[in-house]
Amino acid sequence: MDAPVDATRTPAWARLTQLRNELNVNFREWFANDPQRAANNTFVAGDLYVDLSKSYLTEEIKDALLELAIEVGLPSRRDAMLRGDRINVTENRSVLHTALRRRKDDSLDVEGVDVVAEVHQTLERIYAFADRVRSGQWLGITGKPINTIVNIGIGGSDLGPVMAYEALKPYVKQGMRCRFVSNIDPTDIVSKLGGVDPETTLFIVASKTFTTLETMTNARQARAWLLEALEDRGIDTDGAVAKHFIAVSTNLGKVEEFGIEPENAFGFWSWVGGRYSVDSAVGTSLAIAIGPRRFEEFLTGFRLMDEHFVNAPAHENVPLLMGLLNVFYTNFLGAATHAVLPYSQLLHRFPAYLQQLTMESNGKRVRWDGSEVTTQTGEVFWGEPGTNGQHAFYQLIHQGTQLIPADFIAFANPAYPISDGDQDQHELFLGNFFGQTKALAFGKTAEEVREEGTPEELVSARVFPGNKPTASIMASALTPQVLGELIALYEHITFVQGIVWGIDSFDQWGVELGKQMAIALNDAVSGDREAIAREDQSTRGLIEFYRKHRR
């Protein structure tokens, strides 16, 4: 790839700096003076209704941000990604997660290989396997059908599947359940296997290389648990692993060595990063849980957002505008964090999923040519579902001194409609969603506080400054298709920011050093005195404390 354009040296950056210096956010005045502000800043992307009117977008800022996208070459970089150019330069790889959801009758030739055809061949195998499990044709070692899936993975091989499973629980086959093991902390696997019947459990080991330390450690523990539990019941365990384990991996040799039949291994490609892989074979647990038809709807949602990102005019292109807005908040207004606040308990793992997607992608200090970045990069993404968050951290967003842009997500129709007497509980819930963004935007003045009869000495504590930026995202319901659209929306937001910053959003070398050191410390942690003596004084002291207190 060509060297990145230094965004800070572009005319658009200079214009944005000027607009920042002139910016006086007053949502009350902005809305009063412009009856079309909401209409002009609300957009439709697929099934998503996105209101950016309570963001810091003005027509001048929007124009400058869109000009910045042109000046850094964002459209050409987007096109390079979509056609399979090796834009992941530090690993010399294509970046083709968008190929995972292209239509079967599409084709995409990348260096002589039709990657879309390969994707659909794998999907067909996954769907056939999922149907066998769901229909009861796939049986465990004692002839019983499977009702529990235990997915063993870490990072993208865990965060995506568990988030999507939790989000789509209303679509899960009755009597089927999934559990997810990721942490090498023994508590994770022990607690997840509690109450699980080994005769009706299928384990999915998700590791592309089948060497990931955490995943393979947990996989061996799961295998030992299965064999021991079956033996305790007097069951012959010959062939049990092949009946109760499948793999998401391309290392067929190690898969077979583990005891899994190679035909029950589903692969994915080097051009799929872990945090972009939930719609690949990594989502096999989800495909089993919700079924192939619903999984296809999930993929359709991704594709609809991909098409919007490519085809929508720039001034109404939702991921483009949201990504550029995040750059404005980060680089021009000093926002260090970004809250994602789903008003849906089903999305309770969505902020955690976005943490990996955004922070592993854009937490970089050098650009794709190896030169130092010229501005701040990345944001700390965080959040919890409403209304729980309202009773925890919203105080900081409303009245704190930090600027915290927030994305609010809600759905018109609940998965479980119930009433509290005459009160529709979902309407009560959504009243909070509407009210919070209104309060953050318009606040409460000292005069309004006094009019409520508040004693003067308490007035200042009850003033809400308002003018806090938010985005509101709504859809009719949280369906598989809508979930796919939401995920792809944030994938493209992340891409937009990375291109402006000139970084490679698709590698993750920062993950590696700590893992390497952990392995190198094994001898010291195990008590090798010479190995302990070689460590720095802090690490040595911590290991000594551990050795002294380990029972």
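Preceding this paragraph is the structure being described.
So, about the layout of surface pockets. Taken as a whole, the largest pocket encloses approximately 950 Å³ of empty space. Looking at the largest pocket, it is lined by 37 residues, and the ones nearest its centre are T212, G274, Q508, E512 and K515. It is helix 7 (residues 156-167) that provides the largest number of residues to the lining of the largest pocket, a total of three residues. Here the lining of the largest pocket is built from residues that sort into 12 nonpolar, 17 polar and eight charged. In this structure, the second largest pocket occupies an estimated 520 Å³ of space. Q345, P414, A415, H426 and F429 are, among the 23 residues lining the second largest pocket, the residues nearest its centre. Among the elements that take part in the lining of the second largest pocket, helix 17 (residues 425-442) stands out by supplying five residues, more than any other. Taken together, the residues of the lining of the second largest pocket break down into 14 nonpolar, nine polar and no charged.

Next up on the list: the sheet that holds strand 7 (residues 201-206). Taking strand neighbours across the sheet as the criterion, the four strands line up as 6-5-7-8 in an open arrangement whose pairing is parallel. In this open sheet, the two strands that pair with only one neighbour each are strand 6 (177-181) and strand 8 (245-248). Taking each pair of neighbouring strands and ignoring which way they run, the sheet shows an average axis angle of 20°. Sitting on the sheet, helix 9 (residues 213-232) touches strand 5 (148-152), strand 6, strand 7 and strand 8, and the angle it makes with strand 7 is about 160°.

Looking now at the pattern of salt bridges. Overall, the coordinates contain 27 salt bridges when judged by the stated rule. The partner of R78 in a salt bridge is D79, with the nearest N and O atoms 3.3 Å apart. Here D79 falls in the partly exposed class, since its relative accessible area comes to 32%. A salt bridge links K444 to E452; its shortest N-O distance comes to 2.8 Å. With a relative accessible area of 27%, K444 lands in the partly exposed category. Under the relative-accessibility criterion, E452 is labelled exposed at 51%.

Counting residues in each nonpolar core, the largest one holds 123 residues, and the members touching the most others are M322, F350, L483, Y490 and V500. A total of 13 residues in this core trace back to one element, the largest contributor, which is helix 20 (residues 480-501). Not counting the four nearest positions on each side in its chain, M322 is found in contact with V50, L52, D407, A471, I473, L489, Y490 and I493. Listed in part, the 22 residues of the second largest apolar core include L226, A247, I260 and A265.

Here we come to the pairing of strand 2 (residues 48-51). Alignment of strand 1 (residues 42-45) against strand 2, held across four bridges, turns out to be antiparallel. Along strand 2, the bridge assignment pairs T42 with D51. Linking strand 1 back to strand 2 in an antiparallel pair, the connection comprises two residues, with G46 at a positive phi of about 60°. In the sheet, strand 2 pairs with strand 14 (residues 470-475) via three bridges, with the strands oriented antiparallel. Of the residues in strand 14, the one forming a bridge with D51 is S472.

Turning our attention to the packing of helix 7 against helix 15 (residues 350-362). Two numbers describe how helix 7 lies on helix 15: the axes approach to 9 Å, and their chain directions differ by 150°. With respect to each other, helix 7 and helix 15 are oriented roughly antiparallel. Judged by the twist between their axes, the crossing of helix 7 over helix 15 is left-handed. Across from G156, L159, G160 and M163 in helix 7, the residues of helix 15 making contact are F350, A352, Y353 and Q356. Residues belonging to the contact of helix 7 with helix 15 are distributed by class as follows: five nonpolar, three polar and no charged.

Conventions and cut-offs
Residues numbered from 1 in each chain as written. Predicted model: local features only at pLDDT ≥ 70, side-chain atom pairs only at ≥ 80, totals over all residues. Heavy atoms only, no water. 1 Å grid on protein atoms, 1.4 Å probe; cavity = no way out; pocket = protein on both sides within 12 Å on 5 of 7 lines; lining within 4 Å. Points joined across faces, edges and corners; volume = space filled by probe spheres on them. Helix = DSSP H or I, 4+ residues; strand = E, 2+ residues; numbered from the N terminus. Nonpolar A, V, L, I, M, F, W, Y, C, P; charged D, E, K, R; others polar. Pairing = 2+ DSSP bridges. Axes fitted to C-alpha atoms, helices over the stretch in contact; angles between N-to-C directions. Contact = heavy atoms within 4.5 Å. Salt bridge = Lys/Arg side-chain N within 4 Å of Asp/Glu carboxyl O. Buried < 20%, exposed > 50% of the residue type's maximum accessible area, 1.4 Å probe, protein only. Core = buried A, V, L, I, M, F, W, Y, C linked by side-chain atoms within 4.5 Å. Parallel < 35°, antiparallel > 145°, perpendicular 65-115°, else oblique. Left-handed = near helix turned anticlockwise from the far one by under 90°.

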